[in-house]
Amino acid sequence: MSIFISVTKYIRIGIGDKNDNPPYFDQSLYEAEVNEDEDIQHTVITVTAKDKDESSRIRYEITQGNMGGAFAVKNETGAIYVAGPLDYESRKEYKLRLVASDNLNENHTTVVIHIKDVNDNPPIFDRPTYETQITEEDDRNLPKKVLQVTATDGDRDRTPDIVYFLTGQGVDDQDPANSKFAINTTTGEIYVLKPLDRDLPHGRSQWRFTVFAEDEGGNGLVGYADVLVNLKDINDNAPFFPYAIYTGNVTENGTAGMTVMTMTATDYDDPNEGTNARLKYSIEQNQVNENGELIFTIDEETGVISTAVCCLDRETNPEYTIKVVAMDGGGLKGTNVFKGR
Ligand SMILES: [Ca+2]
Ligand SMILES: [Ca+2]
Ligand SMILES: [Ca+2]
Ligand SMILES: [Ca+2]
C-alpha cells in the first residue's frame, strides 16, 4: 500500500517538471474589430494559448503584420491593445502573427483586426478663403449668385451629406429678412439678397463672413472657410463741400495771384476706381472789376482760390461772393459759396 503511493507521486512530479509540450492555440485565426478613433491602451482582444505542461509560463509576442506599431500585446496575458494611431482611411485591416512560447517551444496563430470607420474627418473646403467682387447698389436679378463653395469629406466610405451655412457680417440668423447674404445649404451657392452700398458714411467696401460645412446631414463635424465679397464702386456720390459757408479776407490793393482761400470738396466714391472721386474745381459765378475783368481764379486741381487782378478797392466793392463748383469724373457736381471781404 505504501509503495503504490510513492510510485504515484513519482509519476506526477516527473510529468510536471518536464516541459515537452508546446503551447497551442485553439484556433488558427482570431478576428476582432476596433474603432479607428479608439484610445491607446484599449484592449481589442485577448488571445490565450494552452499548454499541456502545467507549470509552463507562456509568453506572447506579435512577430508580423503590425504596421507602424499600431498594436502591442501584454506578454503575460495575450491581451492585444491599441498602441498607436489607427486610421480607417489609410488601413482597414491588420493581420497579426501572434506567437506563444514557453521558452522551449512555440506556436503561432493569426489575429485579424478590422478597423471600423468613424466620422473622424470634418469636411474641408477647396480653399481657405473665397473672394469675389460684385458691383455696389446693383439691384438687378436679386437674389443673385456671387460664388459657390465646395467642401469634401475625408471619410471616403461614408455618405458625406454636407450641409452648408453662413455666419458673420451681413448674415442675421435671428432675422433672415435682415440678411444680405444667404447660402443654398445643399449646393453651397452663395447669394447676395440686396443692393449693397460701398461708400461712406454708411456703406462698407468689403463684406467678410464665414462659411461652414457640416457632415452627417448637419449633425457631424464642421469645417469652415472665409468668404470675402468686395464691392466695386459706381459713381453714385456727388462731391460736396464739408462746410456750410467759406469766408476769407481779400487784401485791398494786393497784387494779382494772391491766395485768398482753399476750397476742398469730398467725394465718398472710391478714389482708385476710375475718376469717380477725381475732382476738378471751377468758379461758376465770378465777380468782375470795373474793367470787366474776372476778379478770382481757382486752381482746377487744388481748389486754391486766388486773385486774378490787382488793386481791389474796398470802397468800390466791400464784399465779393463767388460760387465754386467741384465736379467728379462722371460729371456729378457739388457747389458752395465763398464770401471774401
Ligand atoms: Ca466626415
Ligand atoms: Ca473615418
Ligand atoms: Ca463721385
Ligand atoms: Ca460709389
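Nothing here was measured: the structure is a model prediction, and the numbers come from that model.

Regarding the environment of S28
No. 1: As for its placement among the helices and strands, S28 is situated in the loop between α1 (2–17) and β1 (29–35).
No. 2: With 83 residues separating them in the primary sequence, S28 and V111 have C-alpha atoms 8.5 Å apart.
No. 3: With sequence-adjacent residues up to four places away left out, S28 is seen in contact with T109 and T110.

Points about the UniProt feature "domain: Cadherin" (unreviewed entry) in the chain
No. 1: Sites flagged by UniProt as "domain: Cadherin" (unreviewed entry) map to residues 26–125, 126–241 and 242–330.
No. 2: Annotation note: span residues 26–125, helix share 0%, strand share 46%, distance between end C-alpha atoms 51 Å.

Let's talk about the environment of T109
No. 1: Among the structural elements, T109 can be located in strand β7 (residues 106–116).
No. 2: Judged by C-beta crowding, with 18 C-beta atoms within 10 Å, T109 ranks as partly exposed.
No. 3: The sequence separation of T109 and V288 amounts to 179 residues, and the corresponding C-alpha distance is 114 Å.
No. 4: Excluding residues that lie within four positions of it along the chain, T109 makes contacts with F25, Q27, S28, L29, Y30, V47 and L98.

Notes on the sheet that holds strand β2 (residues 43–46)
Strand pairing in a sheet is mediated by backbone hydrogen bonds. Such pairs are either parallel or antiparallel.
No. 1: One open sheet holds the three strands; their spatial order is β2-β5-β4, and the pairing between them is antiparallel. Strands with a single pairing partner mark the edges of an open sheet, and in this sheet they are β2 and β4 (71–73). Across the sheet, the mean angle separating the axes of adjacent strands is 20° when strand polarity is ignored.
No. 2: Here three bridges tie β2 to strand β5 (residues 79–82), and the two strands are oriented antiparallel to one another. From the neighbouring strand, T46 faces β5, where its bridge partner is A79.

Cut-offs used in this document
Residues numbered from 1 in each chain as written. Chains lettered and ligands numbered in written order. Predicted model: local features only at pLDDT ≥ 70, side-chain atom pairs only at ≥ 80, totals over all residues. Helix = DSSP H or I, 4+ residues; strand = E, 2+ residues; numbered from the N terminus. Contact = placed C-beta atoms within 7 Å. UniProt positions renumbered as here; feature names shortened; annotations may be inferred. Buried ≥ 20, exposed ≤ 12 C-beta atoms within 10 Å, placed from the backbone. Pairing = 2+ DSSP bridges. Axes fitted to C-alpha atoms, helices over the stretch in contact; angles between N-to-C directions.

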